[in-house]
Amino acid sequence: MAGHSKWANIKHRKAAQDAQRGKIFTKLIRELVTAAKIGGGDANSNPRLRAAIDKALSSNMTRDTINRAIERGVGGGDDTNMETKIYEGYGPGGTAVMVECLSDNANRTISQVRPSFTKCGGNLGTEGSVGYLFSKKGLILIESADEDALTEAAIEAGADDIQPQDDGSFEIYTAWEELGSVRDGIEAAGFKIENAEVTMIPSTTVDLDAETAPKLLRLIDMLEDCDDVQNVYHNGEISDEVAALL
């Protein structure tokens, strides 16, 4: 599947996150606090909180920091009213782009998001303009494993699908609410999980050439640099050949 651009872009994104860890942690804490405030502090009964915890752990946030954020949300120590807002638009090459924001000021957020599209040759669309192209799923990435054993473990844990990749890695898809339990089952079977997150999977993809791909990556970087933006999803497909030229 595109939109995450498999291992090359996952690693690119993680390198970018490492370079701006402070900002990433601020966004993760915001999501932890909000998820706990809305659905309670028990990750077993709050799928959004469990997903936020998994993402924080994947970004090397400590358990102490995570627990403090959850306590803030549950204990009412944070009186900021954050709301989730999804913006949809078109990026370079006709790509579909979805921007997930968490904000207490919609006017400030749109003033950050809209110029990013404009500067990168895209445009912000209306609600529903590209959302129908995406499905919310849990995604688990495993760098290498025995395919038969992993498939058996994934099915046993409740996964919906497992897709081997050309580089020997595996993408495992789940219902987003079941991501935590499926992850637990796969880890209990002895497999090392490289990354696990709730994401938006595109139903169709757009192949990007060496001229268009950098423009989309620039748009993603600009959006992710906005304080209110939590996640950016797209349906751009960057081939290994094009990625090697970037």
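Structural notes, computed from the coordinates. (Residues numbered from 1 in each chain as written. Predicted model: local features only at pLDDT ≥ 70, side-chain atom pairs only at ≥ 80, totals over all residues. Heavy atoms only, no water.)

### Structural notes on the overall build of the protein chain
Step number 1: A tally of regular secondary structure across the protein chain gives 9 helices and 10 strands.
Step number 2: In the protein chain, which comprises 246 residues, the proportion classed as buried is 49%.
Step number 3: The long-range fraction of contacts in the protein chain, counting pairs at least 24 apart against all pairs at least 6 apart in sequence, stands at 72%.
Step number 4: Of the roughly 11800 Å² of accessible surface on the protein chain, 47% is carried by carbon and sulfur atoms. (Helix = DSSP H or I, 4+ residues; strand = E, 2+ residues; numbered from the N terminus. Buried < 20%, exposed > 50% of the residue type's maximum accessible area, 1.4 Å probe, protein only. Contact = heavy atoms within 4.5 Å. Areas by Shrake-Rupley, 256 points an atom, 1.4 Å probe, with all protein chains shown as cover.)

### Describing the sheet that holds strand β7 (residues 195-202)
Sheet strands pair via backbone hydrogen bonds, and the direction of the pair is either parallel or antiparallel.
Step number 1: Read across the sheet, 4 strands follow the order β5-β6-β4-β7 without closing on themselves; strand pairing throughout is antiparallel. Two strands lie at the open edges of the sheet, namely β5 (161-164) and β7, each paired on one side alone. On average, each strand axis in the sheet is inclined to that of its neighbour by 30°, with strand direction left out of account.
Step number 2: Pairing of strand β4 (residues 134-142) with strand β6 (residues 170-175), which is carried by 6 bridges, proceeds in the antiparallel orientation. Bridge assignment links Leu141 to a residue of β6, and that residue is Glu171.
Step number 3: On top of the sheet, helix α6 (residues 147-157) reaches β4, β5 and β6; it is set at about 10° to β6, its chief contact. (Pairing = 2+ DSSP bridges. Axes fitted to C-alpha atoms, helices over the stretch in contact; angles between N-to-C directions.)

### Some thoughts on the sheet that holds strand β2 (residues 96-103)
Step number 1: Judged by pairing direction, the sheet is antiparallel, and its 4 strands sit side by side in the order β3-β1-β2-β9 without closing on themselves. In this open sheet, the two strands that pair with only one neighbour each are β3 (123-124) and β9 (229-234).
Step number 2: Here strand β1 (residues 83-90) pairs with β3 via 2 bridges, running antiparallel. Bridge pairing links Gly89 to Leu124 in β3.
Step number 3: Contacts between helix α5 (residues 106-119) and the sheet are confined to β1, β2, β3 and β9, with β2 contributing the most and set at about 155° to the helix.

### Re the packing of helix α3 (residues 47-58) against helix α7 (residues 179-188)
Step number 1: Contact pair α3 / α7: the axes reach a minimum separation of 9 Å and the direction vectors enclose 50°. With respect to α7, the element α3 is oriented oblique. Mapping the contact onto sequence places Arg50, Asp54 and Ser58 in α3 and Gly180, Ser181, Arg183 and Asp184 in α7.
Step number 2: Classifying every residue of the contact of α3 with α7 gives no nonpolar, 3 polar and 4 charged. (Parallel < 35°, antiparallel > 145°, perpendicular 65-115°, else oblique. Nonpolar A, V, L, I, M, F, W, Y, C, P; charged D, E, K, R; others polar.)

### Points about the packing of α5 against helix α8 (residues 213-224)
Step number 1: The contact between α5 and α8 brings their axes to 9 Å, and the two run at 165°. Classified by the angle between their axes, α5 and α8 sit roughly antiparallel to one another. Here α5 and α8 pass one another in a crossing that is right-handed. Side by side, α5 and α8 meet where Val113, Ser116, Phe117 and Lys119 of the first sit next to Arg218, Leu219, Met222 and Leu223 of the second.
Step number 2: Each residue belonging to the contact of α5 with α8 can be placed in one class, and the counts come to 5 nonpolar, 1 polar and 2 charged. (Left-handed = near helix turned anticlockwise from the far one by under 90°.)

### A word on a negative patch on the surface
Step number 1: Side chains of Asp146, Glu147, Asp148, Glu152 and Glu156 sit close together on the surface and give a patch of like negative charge.
Step number 2: For Asp146, the position within the fold is in the loop between β4 and α6. (Patch = residues over 30% accessible without salt bridge, like charges linked within 9 Å, V, L, I, M, F, W, Y side chains within 5 Å. Salt bridge = Lys/Arg side-chain N within 4 Å of Asp/Glu carboxyl O. Lys, Arg positive; Asp, Glu negative; His and termini not counted. Charge placed at Lys NZ, Arg CZ, Asp CG, Glu CD.)

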